[in-house]
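Spelled out from the first residue to the last, the chains are:
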Amino acid sequence: MKVKIQQANLSDVGKNRKENEDYYGSFNIQDLEIFVVSDGMGGYKGGLAASHIVVDTVREYFEQKYKKDENIIQHIKLALEQADLRVKQKADEDIELKNMGATVVLLIIRDDKAYIAHIGDSRAYIIRDKKINKITKDHSLVQQMVDGGIITEEQAKNHPKRNIITHSLGHGGKSDVEIQEPLQLFKDDILILCTDGLTGHVEDFEIQNIALENEPITAVHKLIDLANDRGGKDNITVQIVKILNGKRKPLDEKIKKKIIHYFLYSIFGLASVAFFIIASLLTGIFDQNGSIKKISNTDTDSIANTKNNFLKEDSLLNSSVNDSINLSPSDSMINKN
């Protein structure tokens, strides 16, 4: 099943840089929707050239080499290997570009699956069940320090070496691409690609809230405005892709159990009330002489109160289950300056 999408993208130079060394692209090629973001490095001239080479190479590769229904993962590897080679060749041709390189984060959607790859610290996120999760892990020195238990995630945000990356396209860094397992897409999923110019200023939960509360075109503007309001120290690029149709995400097993429990509880409760009412009527319908006894107002009120109390308990439990359904499952070296 091919999903329908709504997408928006925007790039901004920020407040401190003279040139925008970020570059992005979005392309429809045969049965693929392709989104790519690249952050160039090596001075404004080199960075600008490198990011453009990466995005243009990805587009050209899939236009020329990809055939419908072929192995996407293999093509991703080959496309980024070609981009890496072209960046290196350009650097070798021009002494002013000798230190240039680039990060890349790539999203490809085919049918209802997403294929995501990255090199460096440009990121991919997914928002599902109103909860944001980072799909990629930064190829950076501070991420290695976090993984090794040397510093915390919170300390990494302001660490003086946070701009040192361990993987990049071009000379000087490992260019091994990291490709995620194909991701099943569901209705209302939101995918986000961005450079560190955004994540250096805007927290994940803020990205989540803005993307959930706004259409993609409005969200990209608000995210970039927020990063600039907080200093805009780097170029800022954001792409947002929202899934408009497709499968509904299956219920979590814990929620399924709660629904079953609620259903059984309701059946048992209704049966108990019915039994109580019938028993009360049968025991109170005859007097001592065997004649039918008139039911008093007090008896009627007692039966009504019993029914109302059960309905209140049933309503409270129903509210509790609904709240549970709305909860998300618990959550799976180059100095760029």
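### Looking at the sheet that holds strand S6 (residues 123-128)
Thinking step 1. A sheet is described by the order of its strands in space; here five strands give the open sequence S1-S13-S12-S6-S7, paired in antiparallel fashion. The open sheet terminates on both sides in strands that have one partner only, identified here as strand S1 (5-12) and strand S7 (131-134). Here the strands of the sheet are splayed against their neighbours by 15° on average, with no regard to which way each runs.
Thinking step 2. Pairing of S6 with strand S12 (residues 190-194), which is carried by five bridges, proceeds in the antiparallel orientation. Among the inter-strand pairings, Ala124 is bridged to a residue of S12, identified as Leu193.
Thinking step 3. This element, helix H6 (residues 204-213), spans S6, S7 and S12 of the sheet and lies at about 55° to S6.
Thinking step 4. Contacts between helix H7 (residues 216-229) and the sheet are confined to S1 and strand S13 (236-243), with S1 contributing the most and set at about 25° to the helix.

### What about the packing of aromatic side chains?
Thinking step 1. As enumerated under the stated definition, the model contains two aromatic pairs in all.
Thinking step 2. Residues Tyr61 and Phe62 carry aromatic rings whose centres are separated by 5.4 Å and whose planes lie at 80° to one another, so their mutual orientation is edge-to-face. For the pair shown, Tyr61 and Phe62 are each scored as buried.
Thinking step 3. Judged by centre distance (6.1 Å) and plane angle (55°), the ring pair of Phe62 and Tyr66 falls under tilted.
Thinking step 4. Overall, Phe62 belongs to the buried group, its relative accessible area being 0%.

### Considering the nonpolar core
Looking at soluble globular proteins, one finds that nonpolar side chains tend to be buried together.
Thinking step 1. Of all hydrophobic cores here, the largest spans 30 residues; its most connected members are Ile34, Phe62, Ile76 and Ile108.
Thinking step 2. Put simply, the parts of the chain that give this core at least two residues each are strand S2 (22-29), strand S3 (32-41), helix H1 (43-65), helix H2 (72-93), strand S4 (101-110) and strand S5 (113-119).
Thinking step 3. Residue contacts for Ile76: discarding those within four places in its chain leaves Phe62, Leu106, Ile108, Tyr115, Ala117 and Ile179.
Thinking step 4. By size, the runner-up hydrophobic cluster in this structure holds 21 residues, among which are Ile192, Cys194, Val220 and Ile224.

### Focus on H7
Thinking step 1. Given a rise of 1.5 Å per residue, 14 residues ought to cover 20 Å, and the 20 Å separating the end C-alpha atoms of H7 matches this to within 8%.
Thinking step 2. Along H7, the residues that are buried comprise Pro216, Ala219, Val220, Leu223, Ile224, Leu226, Ala227 and Asn228.
Thinking step 3. On the buried face of H7, the contacting elements are S1, helix H5 (196-199), H6 and S13.
Thinking step 4. One or two residues past the end of H7 sits Gly231, with phi positive at roughly 130°.

### Remarks on the side chain of Asp189
Thinking step 1. Mapping Asp189 onto the fold places it in the loop between strand S11 (183-184) and S12.
Thinking step 2. Residue Asp189 is classed as buried on the basis of its relative accessible area of 1%.
Thinking step 3. Of note is the side chain of Asp189, whose polar atom sits 2.8 Å from the backbone nitrogen of Phe186.
Thinking step 4. With residues near it in sequence (within four places) discarded, Asp189 still touches Ile126, Ile127, Arg128, Gln184, Val241, Lys242 and Ile243.

### Regarding the confidence of the model for the protein
Thinking step 1. Of all residues in the protein, 78% have pLDDT values of 70 or greater, and the mean over the chain is 85.
Thinking step 2. pLDDT under 50 marks residues 323-332. Its contacts with residues more than four places away, or in other chains, come to 14 contacts.

### Section: the packing of H1 against H2
Thinking step 1. Running from amino to carboxyl end, H1 crosses H2 at an angle of 140°, the nearest separation of the two axes being 9 Å. Here H1 is positioned oblique relative to H2, judged by the angle of their axes. Pair H1 / H2 crosses with right-handed handedness. Listed contacts from H2 to Ala50, Ile53, Val54, Thr57, Val58, Glu60, Tyr61, Phe62 and Lys65 of H1 are His75, Ile76, Leu78, Ala79, Leu80, Gln82, Ala83, Arg86, Val87 and Lys90.
Thinking step 2. For the contact of H1 with H2, a count of residues per class yields 12 nonpolar, three polar and four charged.

### Section: the side chain of Asn214
Thinking step 1. Here Asn214 is to be found in the loop between H6 and H7.
Thinking step 2. Under the relative-accessibility criterion, Asn214 is labelled buried at 15%.
Thinking step 3. A polar atom in the side chain of Asn214 sits 2.9 Å from the backbone oxygen of Ile210.
Thinking step 4. At 3.1 Å, the side chain of Asn214 forms a polar contact with the side chain of Lys222.
Thinking step 5. Ignoring any residue separated from it by four or fewer positions in sequence, one finds Asn214 in contact with Ala219 and Lys222.

The rules behind each value
- Residues numbered from 1 in each chain as written.
- Predicted model: local features only at pLDDT ≥ 70, side-chain atom pairs only at ≥ 80, totals over all residues.
- Heavy atoms only, no water.
- Pairing = 2+ DSSP bridges.
- Helix = DSSP H or I, 4+ residues; strand = E, 2+ residues; numbered from the N terminus.
- Axes fitted to C-alpha atoms, helices over the stretch in contact; angles between N-to-C directions.
- Contact = heavy atoms within 4.5 Å.
- Phe/Tyr/Trp six-rings, centres within 6.5 Å; stacked < 30°, edge-to-face > 60°.
- Buried < 20%, exposed > 50% of the residue type's maximum accessible area, 1.4 Å probe, protein only.
- Core = buried A, V, L, I, M, F, W, Y, C linked by side-chain atoms within 4.5 Å.
- Expected span 1.5 Å × (residues − 1).
- Polar contact = N/O pair within 3.5 Å; in protein donor to acceptor, adjacent residues only side chain to side chain.
- pLDDT = per-residue confidence, 0-100.
- Parallel < 35°, antiparallel > 145°, perpendicular 65-115°, else oblique.
- Left-handed = near helix turned anticlockwise from the far one by under 90°.
- Nonpolar A, V, L, I, M, F, W, Y, C, P; charged D, E, K, R; others polar.

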